[in-house]
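# Structural overview
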Amino acid sequence: MASRLTAVDDFDLVIFGATGDLARRKIFPALFRRHSAGHFPDGARIIGTARTPMDDSGFRADIAAAIAEFDPPRAGDPGLPAFLGRLFYVPVDATGAEGWADLAARMRKDVVQAFYLSVAPALFGDIADRLSGHGIAGSDARIVVEKPFGRDLASARALNRTLARHFTEGQIYRIDHYLGKETVQNLMAIRFANILFEPLWNAHYIDHVQITVAETVGVAGRAAYYDHAGAMRDMVQNHLMQLVCLIAMEPPWRFDPDAVRDEKLKVIRALEPVPESDIVRGQYAADGAGYRADVGNPASRTESFVALKLRLANWRWQGVPFYLRTGKCLAARTSEIAVVFRKPPHSIFDAEERQKPDQLVIRLQPNEGINLMVMIKEPGPGELRLVEVPLDMSFAEALGVDIPDAYERLITEVIRGDQTLFMRGDEVEAAWAWADPVIRAWEEGGAQPASYPPGTSGPDEALGLIGRDGRHWRNLQS
Ligand code: BG6
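None of the values given here were measured: they were computed from a predicted structure.

## Concerning the overall build of the protein chain
When helices and strands are counted, the protein chain shows 15 helices and 16 strands. In terms of overall dimensions, the protein chain is globule-like: its C-alpha atoms have a radius of gyration of 24 Å, near the 23 Å expected for 478 residues. Counting only contacts in the protein chain whose residues sit at least 6 apart along the sequence, the fraction spanning at least 24 positions is 76%. Summed over all atoms, the accessible surface of the protein chain reaches about 20,700 Å², with 53% contributed by carbon and sulfur. Side chains of the protein chain carry 54 positive and 64 negative charges; the gap between the two charge centres is 1 Å.

## Some words on the site of the ligand
By nearness alone, every residue bordering the ligand is listed as Lys147, His177, Tyr178, Lys181, Glu215, Arg222, Asp234, Met235, His239, Lys328, Arg333 and Gln365. Here an oxygen atom of the ligand and a side-chain polar atom of Lys147 are 2.8 Å apart. For the ligand, an oxygen atom lies 2.6 Å from a polar atom in the side chain of Asp234. When the ligand sits alone it has 400 Å² of accessible area, and the protein chains cover 82% of it. The dominant element in the shell around the ligand, judged by the number of residues it contributes, is helix H9 (residues 231-248), at 3 residues. In the shell around the ligand, the residues fall into 2 nonpolar, 3 polar and 7 charged.

## Section: helix H1 (residues 21-36)
Each turn of an α-helix holds 3.6 residues, which means side chains three or four residues apart point in the same direction. Taking 1.5 Å as the rise per residue, H1 with 16 residues should run 22 Å; its terminal C-alpha atoms sit 22 Å apart, in good agreement. Every buried residue belonging to H1 is among Ala23, Arg24, Ile27, Phe28, Pro29, Ala30, Leu31, Phe32, Arg34 and His35, and all of these are buried. Just downstream of H1, Gly38 is the residue with a positive phi angle, here 80°.

## Section: the pairing of strand S5 (residues 142-145)
Here S5 shows a buried face lined by Arg142 and Val144 and a second buried face lined by Ile143 and Val145. Strand direction decides the pairing type here: strand S4 (residues 112-117) and S5, joined by 4 bridges, are parallel. Note on S5: the bridge partner recorded for Tyr116 is Val144. Since S4 and S5 lie parallel, the crossover through helix H5 (residues 124-133) that links them has a hand, and here it is right-handed. Assessed by its sense of winding, the connection that carries the chain from S5 through helix H6 (residues 153-164) to strand S6 (residues 172-174) is right-handed.

## As for the packing of H1 against helix H13 (residues 406-416)
Where H1 contacts H13, the axes come no closer than 8 Å and their chain directions differ by 70°. Classified by the interaxial angle, the pair formed by H1 and H13 is roughly perpendicular. Contacts between H1 and H13 involve Leu22, Lys26, Ile27, Ala30, Leu31, Arg33 and Arg34 on the former and, on the latter, Tyr407, Glu408, Ile411 and Thr412. Residues of the contact of H1 with H13, tallied by class, amount to 6 nonpolar, 1 polar and 4 charged.

## Quick look at the nonpolar core
In this structure, Phe16, Phe28, Phe83, Phe115 and Phe322 are the most contacted members of the largest nonpolar core, which totals 144 residues. Considering every element that reaches this core, the biggest residue donor is H9, with 12 residues. In this structure, Phe83 is in contact with Phe28, Leu31, Phe32, His35, Ile46, Ile63 and Ile67, ignoring residues within four places of it in sequence.

## Concerning the packing of aromatic side chains
One pass over the full model with this rule turns up 13 aromatic pairs. Ring geometry for Tyr284 versus Tyr291: centroids 5.8 Å apart, planes at 90°, classification edge-to-face. Here Tyr284 matches Tyr291 in class, with each residue buried. The rings of Tyr226, Tyr284, Tyr291, Phe305 and Tyr452 are connected pair by pair, giving a single aromatic cluster. Residue placement shows Arg60 over the ring face of Phe88; its charged tip is 5.2 Å from the ring centre. Over the ring of Phe32 we find Arg74; its NZ or CZ atom is 4.4 Å from the centre of that ring.

## A few points about the packing of H9 against helix H14 (residues 425-445)
Here H9 crosses H14 at 140°, and the two axes come no closer than 10 Å. Classified by the angle between their axes, H9 and H14 sit oblique to one another. Note that H9 runs across H14; the crossing there is right-handed. The residues of H14 that touch H9, namely those facing Met232, Arg233, Val236, Gln237, Met241 and Gln242, are Glu427, Val428, Ala431, Trp432, Trp434, Ala435, Val438, Ile439, Trp442 and Glu443. Counted by class, the contact of H9 with H14 contains 11 nonpolar, 2 polar and 3 charged residues.

Analysis parameters
Sequence order as written defines residue numbering, which begins from 1 separately in each chain. Reporting of local features is limited, given that this is a predicted model, to residues whose pLDDT is at least 70; pairs of side-chain atoms are given and counted only at 80 or more, and all residues count toward the totals for whole chains, interfaces and linings. Computation of side-chain values: all heavy atoms of the structure, hydrogens and water removed. Starting at the N terminus, helices and strands are each numbered in turn, a helix being any DSSP run of H or I of at least four residues and a strand any DSSP run of E of at least two. Two things to know: the radius of gyration comes from C-alpha atoms, and the globule rule equals 2.2 Å times the number of residues to the power 0.38. Contact between two residues is taken to exist if any of their heavy atoms lie within 4.5 Å; hydrogens are not considered. For accessible areas, the Shrake-Rupley method is used with a probe of radius 1.4 Å. Any residue's cover is judged against the shown protein chains and nothing else. In this tally Asp and Glu are treated as negative and Lys and Arg as positive; neither His nor the chain ends contributes. By convention, the charge on Lys lies at NZ, on Arg at CZ, on Asp at CG and on Glu at CD. Throughout this document, a residue counts as near a molecule or strand when at least one of its heavy atoms sits within 4 Å of that molecule or strand. Polar contacts, as counted here, are pairs of nitrogen or oxygen atoms within 3.5 Å of one another; within protein the pair requires one atom able to donate a hydrogen and one able to accept it, and residues that are adjacent in sequence qualify only if both atoms are side-chain atoms. Charged residues are taken to be Asp, Glu, Lys and Arg, nonpolar residues to be Ala, Val, Leu, Ile, Met, Phe, Trp, Tyr, Cys and Pro, and polar residues to be all remaining types, Gly included. Here a helix's expected span is defined as the number of its residues, less one, multiplied by 1.5 Å. Relative accessible area decides the class of each residue, using a 1.4 Å probe on protein chains only: under 20% of the type maximum gives buried, over 50% gives exposed, and in between gives partly exposed. What makes two strands pair is DSSP finding at least two bridges between them. Crossover handedness is defined here as right-handed if the route from the first strand over the helix to the second strand goes clockwise, with the strands pointing away from the viewer. Helix axes are fitted only over the stretch in contact, all axes being lines through C-alpha atoms; the angle between N-to-C directions runs from 0 to 180 degrees. These descriptions rest on fixed angle ranges, namely under 35 degrees for roughly parallel, over 145 for roughly antiparallel, 65 to 115 for roughly perpendicular, and the rest for oblique. Residues belong to a common nonpolar core when they are buried Ala, Val, Leu, Ile, Met, Phe, Trp, Tyr or Cys residues joined through side-chain atoms within 4.5 Å. Between 30 and 60 degrees the pair is tilted, below 30 it is stacked and above 60 it is edge-to-face, where a pair is any two Phe, Tyr or Trp rings, Trp via its six-membered ring, whose centres lie within 6.5 Å. Only Lys NZ and Arg CZ are tested; either one counts as a charge over a ring when it is within 6 Å of the ring centre and within 35 degrees of the ring normal. The crossing is said to be left-handed when, going from far helix to near helix, the turn is anticlockwise and less than a right angle, and right-handed when the turn is clockwise.

The structure is reproduced here in structure tokens:
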């Protein structure tokens, strides 16, 4: 089945930080893919800006090199020259005066304007002031910002205020790239486009929920940022929080940006404070190597792994724990959500100890899809024995399409002017309001994170966190 394209209007997309890592690694390869899919109209233009002096042709060569590096199979694509022809470059000093008049002269007024701030948050204010001061951004212009959106509630509020000086909330697109992942969006379709799951989606039928985002990579190359952030700020406050929201939210009255975000906000506000006993922090460590060596900070207490138990104070989820874990340098790259149902109230089978709870496993990556783990009869004569089997659906196989990268989806939504997959200011602030006390308690408590060997499933303490409730994590490799 070919994927259908929703038409987008002509646009000028300006990328600040166009020579930076995120732009080269993710944004330009994603734009090239959308171009190749035939998604861009003839009048679509992309204008890169950064401080580096360069002309259009130098920039085009640089982006061709980025595509060769980060999307090698597509480097020789015959469509590449046409894509490069859409690219322009204006050197701009984000904190100074140079370049802004040139940028203003390059922009068209009668097309969609989007400004993607792929730069450090400290520059948001300078850029917003100048876009507005030079009359570059029209009243319908879109501003796209990346995480980290603050490092606590106070700094997130300050960023929101900075952007609000010149732009309305309806113009601001805060990216959490997890919301652009196909399976994450599918969570809403699975829950709200089917009758099957919703009647069971509550404390009467669900025992617990597990969310795992495991990575095999360490933090080398991002040491300065990461050692200042840690897994809680880097992953839990944003990506895992969004997954919790989509699993736990009430059905919005319709699929509309504010209706969806209102429901997600209610989930965040219903999160109970997390006691220290419900959190495990870890740091990967090996003889003479490990996290501390990677970040060059022998005394670092920053966590590269965190596991925690969440509870929601509302009717639907009363008494249902949500176990979350995420970490670097783990045994496998696996991101999944497992909704573990209760066992049937009465077993008619003798071999009751074999009865396992049904599980709906939503695989985010790799191999996006859904597994419904159910009990059936083991084939063969003799005594009836039960066995657990997966009803397994891989989206790529079932639909015959390549799963697009999150950035392809998100950038297209910006041009289309649909904010459903972007975080609203109050949502981000609520997530920090929940995370702040958890982080502060650790920072003030002075405890060392538990160490774990690279290539494992994290510290043993994380097994204990769920084990003491009589439950266990799913196998990372499964
Ligand atoms: C980023 C984090 O937001 O998400 C990284 O800053 C992390 O530390 C990355 O590696 C994970 O994204 P993905 O799409 O590979 O799961």
